[in-house]
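Here is what each chain is made of, one letter per residue.
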Amino acid sequence: MTVNSFFLVLLSGLLGIYFFFSPMDIQEKEQKEVPMLDLERFTVYELDTTGLQSVMMGSEGKRFSNRYEVLDINYTDSSHEFVQTMRSDFARYQSEKVFLEGNVRYKRADGMMFLSDDAKYDHKRSIATTRGPFTIVDKSDWLVGKKLYYNSVKERAKGDEIRGSYTLLKIKEK
C-alpha cells in the first residue's frame, strides 16, 4: 500500500463520518421537586402547650421539605383572642406565612370579612395583605379598594383608592 492510497482511504473514512453520522440528541429532563407527602381530603392540626393554634384543610395537598401547597384550602387561625378563617382555590404555607391565590375569602368571628383574588397572611404577626383589588364587608358597612394592609390584632386597615360606606361612630338614643 502506497502513501497516497493510505491517505485516500483515511480521507474517505473521515468524509463518511462527516456526512453519514450525526451527533446524538441528548435531552436533559427538568429536575421536578418531589413532595415528601401527597394528601387528598386532609386536615392538619397545629397544637402547642396552650392548645389548638390552627387547622388547615384541603382537597389536595403536597408537603415539601419547606412548605405545604394546598388546593381548595380552608385555614382557621385560633391562636389569638378571635378566630379567623381564610379560604381560597390555592395556598402555599411556608415559614409562618400563608400565600393565598384565587377567590380569597377572609372572615373573622365578629363578622368582618374581606374578599380578594390574592392575599398573604403572616400567622405570627396576624397581618393580612393583598396586592390587588379587595372588598371589605362588616355588617352593613362595605369598602372596596386596592392593596389592603390589615392588622387583625390592632384591628387597623390601610388601602389605596378606597371607596364605600362605613359607619365611623354610632350615637345611642336614650
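Residues numbered from 1 in each chain as written. Predicted model: local features only at pLDDT ≥ 70, side-chain atom pairs only at ≥ 80, totals over all residues. Heavy atoms only, no water.

**Looking at the nonpolar core**
Core analysis: the biggest nonpolar cluster contains 23 residues, and Met56, Ile73, Tyr75, Val98, Leu100, Phe114 and Ile136 have the highest contact counts within it. Of all the secondary structure elements, the ones that give two or more residues to this core are β3 (68-77), β4 (84-94), β5 (97-108), β6 (113-122), β8 (133-138) and β9 (141-151). Those residues in contact with isoleucine 136, other than ones at most four positions away along the chain, are Met112, Met113, Phe114, Asp141, Trp142, Leu143 and Leu148. (Core = buried A, V, L, I, M, F, W, Y, C linked by side-chain atoms within 4.5 Å. Buried < 20%, exposed > 50% of the residue type's maximum accessible area, 1.4 Å probe, protein only. Helix = DSSP H or I, 4+ residues; strand = E, 2+ residues; numbered from the N terminus. Contact = heavy atoms within 4.5 Å.)

**Describing the side chain of threonine 130**
You can see threonine 130 is positioned in the loop between β7 (127-129) and β8. Not counting chain neighbours up to four residues away, the residues in contact with threonine 130 comprise Phe114, Ser116, Asp118, Ala119, Lys147 and Leu148.

**Considerations on the layout of surface pockets**
Its boundaries defined by the atoms lining it, the largest pocket holds a volume of some 260 Å³. In terms of lining, the largest pocket is formed by 16 residues, of which the most central are Met112, Tyr150, Glu155, Ala157 and Tyr166. Those elements that provide at least two residues to the lining of the largest pocket are β8, β9 and β10 (156-165). Counting residues per element, the lining of the largest pocket draws most heavily on β10, which supplies five residues. Of the residues assigned to the lining of the largest pocket, the class counts are nine nonpolar, one polar and six charged. (1 Å grid on protein atoms, 1.4 Å probe; cavity = no way out; pocket = protein on both sides within 12 Å on 5 of 7 lines; lining within 4 Å. Points joined across faces, edges and corners; volume = space filled by probe spheres on them. Nonpolar A, V, L, I, M, F, W, Y, C, P; charged D, E, K, R; others polar.)

**Observations regarding the packing of aromatic side chains**
Within this structure, the stated rule accounts for seven aromatic pairs. Between phenylalanine 6 and phenylalanine 7, the ring centres sit 5.5 Å apart and the planes meet at 65°, which makes this aromatic pair edge-to-face. Between tyrosine 68 and tyrosine 93 the ring centres are 6.3 Å apart and the planes differ by 50°, which places this aromatic pair in the tilted class. Note that tyrosine 68 is positioned in strand β3 and tyrosine 93 in strand β4, a separation of 25 residues in sequence. Directly above the ring of phenylalanine 64 sits arginine 67, whose terminal nitrogen or CZ lies 4.1 Å from the centroid. For the cation-ring pair, arginine 92 lies above phenylalanine 99, with the distance from its terminal atom to the ring centre recorded as 4.4 Å. (Phe/Tyr/Trp six-rings, centres within 6.5 Å; stacked < 30°, edge-to-face > 60°. Lys NZ or Arg CZ within 6 Å of the ring centre and 35° of its normal.)

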